[in-house]
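Take a look at the letters that make up each chain.
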Amino acid sequence: MRRVVCPGSFDPVTNGHIDIISRAAQLYDEVVVAVAQNPSKTTLFTAAERVELIREATKRYDNVRVDRFEGLTVDFCRDNDISAIIKGLRAVSDFDYEMQMAQMNYNQAGVETLFMTTNPLYAFLSSSLVKDFAKFGGDVSGLVPANVLERLNSRLAES
Ligand code: ADP
């Protein structure tokens, strides 16, 4: 089975992520969305919530699985029999870091990284910008799945 992993924090998942996940699902037998759980990083949503939001938003793709992990992506790949990572590239600003990370992952574990160019509709989009704008009343309804919008508004209203 050809399987690829799409790793990230997804705090929360955006339409830019969904675009990459859905396109990867057309190329691979299975796409595993791996939600990074990093105890030293403060997030708006817990790892369990981030997983649930992605599951709801991707339920129409039957070859997409969502899981969470702690530690190195290459260890997750080894444990799940995955030989490639897929990443979305938005702009040249993403490139330097992603290239270093890809080479490190290959050096450490022989895991390949594939880059998919972002849909230009979402080239500017990041989870942090969505959170920042939503916090101050910005309209992010076209930028995140409907279930995320609902949870984002209720979470921000609590704080
Ligand atoms: P990280 O936690 O690695 O900073 P994110 O959770 O924000 O990353 O995103 C995970 C991955 O999804 C990123 O490494 C990037 O490849 C991709 N990505 C993020 N936003 C977009 C977007 N708007 N278009 C395409 N790909 C994106």
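Structure: see above.
Let us look at the structure shown here. Source: prediction; values computed, not measured. Each chain has its residues counted from 1, running along the sequence as written. In view of the model being predicted, local features appear only for residues whose pLDDT reaches at least 70, and side-chain atom pairs are presented and counted only at 80 or more, with totals across whole chains, interfaces and linings using the full set of residues. Only heavy atoms go into the side-chain values, all of them from the structure, while hydrogens and water stay out.

Further remarks concern the nonpolar core. Ranked by size, the top nonpolar core spans 33 residues in total, and within it Val 31, Val 33, Ile 54, Val 130 and Leu 152 carry the most contacts. Runs of H or I in DSSP of at least four residues are treated as helices and runs of E of at least two as strands, each being numbered from the N terminus. No other element matches the 5 residues that helix H1 (residues 15-27) contributes to this core. In contact with Ile 54, other than residues within four places in its own chain, are Phe 10, Val 13, Val 33, Val 35 and Val 66. Throughout, nonpolar core names a set of buried Ala, Val, Leu, Ile, Met, Phe, Trp, Tyr and Cys residues whose side chains join them through atoms within 4.5 Å. Burial classes follow relative accessibility: with a 1.4 Å probe on protein chains only, a residue under 20% of its type's maximum area counts as buried, one over 50% as exposed, and anything between as partly exposed. Core analysis: the second largest hydrophobic core is formed by 10 residues, Val 5, Ala 34, Cys 77 and Ile 82 among them. We call two residues in contact whenever any of their non-hydrogen atoms come within 4.5 Å of each other.

We call two strands paired when DSSP finds no fewer than two bridges between them. Summarising the sheet, strand E2 (residues 30-36) and strand E3 (residues 64-69) pair through 6 bridges and their orientation is parallel. What sits directly across from Ala 34, in E3, is Asp 67. On the question of chirality, the crossover connecting E2 to the parallel E3 by way of helix H2 (residues 47-57) is right-handed. When the strands point away from the viewer, a crossover counts as right-handed if the path from the first strand over the helix to the second runs clockwise.

Looking now at the pattern of salt bridges. A side-chain nitrogen of Lys or Arg and a carboxyl oxygen of Asp or Glu constitute a salt bridge if their distance falls within 4 Å. As enumerated under the stated definition, the model contains 12 salt bridges in all. For Arg 3, the salt bridge is made with Glu 30, and the minimal N-O distance between the two is 2.7 Å. Taken together, the residues Arg 3 in strand E1 (residues 3-8) and Glu 30 in strand E2 connect sequence positions 27 residues apart. Two residues, Glu 158 and Arg 155, come together in a salt bridge whose shortest N-O distance is 3.3 Å. Placement of the pair is Glu 158 and Arg 155 together in helix H6 (residues 146-158), with a separation of 3 residues, close to one helical turn. Residue classification places Arg 155 among the buried positions, given a relative accessible area of 18%. Where salt bridges share partners, they join Arg 3, Glu 30, Arg 65 and Asp 67 into one cluster.

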